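The chain contents come next:
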Amino acid sequence: MSEQETPSPRRRDFLFYATGGAGAAAVGSGIWPLVNSMNTSASAQPWTFDIDVSDMQPGTEISVQFEGRPIFIRRRTAGDIAAARSTPLSELPDTHARNANRPEADASDSNRTIPPFNGEDRGEWLVVEGICTHLGCAPLGDGMGDFNARFCPCHGAHFDTAGRARQGPAPTNMAIPRAEFVDATTLALKETGRFSFQRQ
Ligand code: FES
């Protein structure tokens, strides 16, 4: 195979944990089938992890591990979206999107989600690092805290349905990793190199 024909390195990712609908308090309540079709060809191109989200209904959430950190993927309900979009920027402690895909954007809800592949962007897909921006605990969710989304019990940080810091000591919004939909049902997380990651 010529260099031009070498496929981009890509892993069909594993779904490590799945939660149920709104109100499910902990990850791990169900395990989804694992599929691995890792491409092992050597390349300087960044790795991506492909995650099949075709089974996810509004109000469901999964957690995967990528580059050594948890990533929460939520398909938001209409209520989640409406709550986030009705919040003015002036009420946010952090007005930056903290979205690696839109580094200069503000924290408006429309800048906090991953758009679908060739579809109408209804703001359904929230993808955030599952790390509290105060001191790094794992926020509980979904449907927890004063904003019916996430709550970090370590020191009492509340996050809203867009993963934005709202109350308590968390200084910034939950980080959004590099990600995009590569087809209608596949979300790809993109390697950043910020965290240790063992290529196999
Ligand atoms: Fe989450 Fe302190 S680590 S509130």
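Please read these numbers as outputs of a predicted model, since none were measured by experiment.

Enquirer: How would you summarise the sheet that holds strand β9 (residues 157-159) if you had to cite specific residues and measurements?
Expert: Across a sheet, paired strands are connected by hydrogen bonds in the backbone, their directions being either parallel or antiparallel. Pairing is antiparallel across the open sheet formed by 4 strands, whose spatial order is β7-β8-β9-β10. Looking at the sheet topology across the chains shown, the edges are occupied by β7 (140-144) and β10 (165-167). For this sheet the average axis-to-axis angle between neighbouring strands, irrespective of direction, equals 35°. Alignment of β9 against β10, held across 2 bridges, turns out to be antiparallel. Counted as the bridge partner of His 158 is Gln 167 from β10.

Enquirer: Describe in detail helix α1 (residues 78-85), supporting the description with residues and values.
Expert: Note: α-helices contain 3.6 residues per turn, so residues at a spacing of three or four share the same orientation. Looking at α1, one finds that the buried residues are Asp 80, Ile 81 and Ala 84. All buried residues of α1 fall inside an arc of 95° around its axis, so they share one side. Next to the buried residues of α1 lie β5 (69-75).

Enquirer: So, the pattern of salt bridges: which residues are in play, and what are the values?
Expert: One pass over the structure, following the stated rule, counts 14 salt bridges. A salt bridge links Glu 67 to Arg 69, with the nearest nitrogen and oxygen atoms 2.8 Å apart. Note on accessibility: Glu 67 and Arg 69 belong to one class, buried. Between Glu 180 and Lys 190 there is a salt bridge, with its nearest N and O atoms 3.4 Å apart. A residue pair is termed long-range when its members are at least 10 positions apart, and Glu 180 in strand β11 (residues 179-183) and Lys 190 in strand β12 (residues 186-190) qualify at 10 residues. With a relative accessible area of 35%, Glu 180 lands in the partly exposed category.

Enquirer: Give me the state of the cysteines: which residues, what numbers.
Expert: Going through the model one piece at a time under the given rule, you end up with 1 disulfide. Cys 137 shares a disulfide with Cys 154; S-S distance 2.0 Å. Taking the sign of the S-S torsion, about -100° here, the bridge from Cys 137 to Cys 154 comes out left-handed. Within this pair, whereas Cys 137 is found in the loop between β6 (125-129) and β7, its partner Cys 154 is found in the loop between β8 (149-152) and β9, the two being separated by 17 residues in sequence.

Enquirer: Outline the pairing of β8, listing residues and values.
Expert: Of the strand pairs in this sheet, β7 and β8 are connected by 2 bridges, and their pairing is antiparallel. Note on β8: the bridge partner recorded for Met 144 is Ala 149. Here β7 folds back onto β8 in antiparallel fashion, the turn holding 4 residues, of which Gly 145 has a positive phi close to 80°. Bridging between β8 and β9 involves 3 bridges; their strand directions are antiparallel. For Cys 152, the partnering residue across the bridge sits in β9 and is Ala 157.

Enquirer: With reference to specific residues and values, describe the confidence of the model for the protein.
Expert: Interpretation of the predicted coordinates at a detailed level should be avoided for regions scoring low in pLDDT. Mean pLDDT over the protein stands at 80; residues scoring 70 or higher make up 73%. Counting interchain partners and residues more than four positions distant, the pLDDT-below-50 stretch residues 1-9 has 12 contacts. Note that pLDDT drops below 50 for residues 11-42; the model gives that stretch 78 contacts with residues more than four away or on any other chain.

Enquirer: Give me the nonpolar core: which residues, what numbers.
Expert: One recurring pattern in soluble globular proteins is that nonpolar side chains are buried together. Judged by nonpolar contacts, the single largest core of 27 residues is most densely connected at Ile 73, Ile 114, Phe 159, Leu 187 and Leu 189. Among the elements of the structure, β3 (48-52), β4 (60-66), β5, β6, β9, β11 and β12 are those that each provide at least two residues to this core. Apart from residues no more than four positions distant in its own chain, Leu 187 is found in contact with Phe 49, Asp 50, Ile 51, Val 53, Ile 73, Ile 114, Val 127, Ala 179, Glu 180 and Phe 181.

Enquirer: Mind laying out the pairing of β5, listing which residues take part and the relevant values?
Expert: Of all 7 residues that make up β5, 7 are buried, and the element is covered over most of its length. On β5, burial covers both faces: Arg 69, Ile 71, Ile 73 and Arg 75 on one face and Pro 70, Phe 72 and Arg 74 on the other are all buried. Sheet topology places β4 next to β5; 7 bridges connect them, and they run antiparallel. In the sheet register, Ile 62 faces β5, and the bridge partner there is Ile 73. Remark: 2 residues form the turn of the hairpin made by β4 and β5, two consecutive strands paired antiparallel; Glu 67 in that turn has positive phi of roughly 55°. Bridging between β5 and β6 involves 5 bridges; their strand directions are antiparallel. The residue of β6 that forms the bridge with Phe 72 is Val 128.

Cut-offs and rules
- Within each chain, residues carry numbers counting from 1 in the order of the written sequence.
- pLDDT decides what is reported in this predicted model: residues at 70 or higher carry local features, side-chain atom pairs at 80 or more are listed and counted, and totals for whole chains, interfaces and linings draw on all residues regardless.
- Only heavy atoms go into the side-chain values, all of them from the structure, while hydrogens and water stay out.
- Pairing between two strands requires that DSSP report at least two bridges joining them.
- By definition, any uninterrupted DSSP run of H or I lasting at least four residues is a helix, any uninterrupted run of E lasting at least two residues is a strand, and each is numbered from the N terminus.
- Axis definition: a line fitted to C-alpha atoms, over the contacting stretch in the case of helices. Angles run 0 to 180 degrees between N-to-C directions.
- For the exposure calls, accessible area comes from a 1.4 Å probe over protein chains only, and a residue counts as buried if that area is under 20% of its type's maximum, exposed if over 50%, partly exposed in between.
- This arc corresponds to the set of directions leading from the helix axis out to the C-beta atoms.
- Contacts are residue-level and defined by heavy atoms, with any inter-residue pair within 4.5 Å sufficient.
- Basic side-chain nitrogens of Lys or Arg form a salt bridge, by our definition, when they fall within 4 Å of a carboxyl oxygen of Asp or Glu.
- We call a pair of cysteine sulfur atoms a disulfide whenever their separation is within 2.5 Å.
- A score between 0 and 100, pLDDT records how confident the predictor is in each residue.
- Here the nonpolar core consists of buried residues drawn from Ala, Val, Leu, Ile, Met, Phe, Trp, Tyr and Cys, with membership extended through side-chain atoms lying within 4.5 Å.

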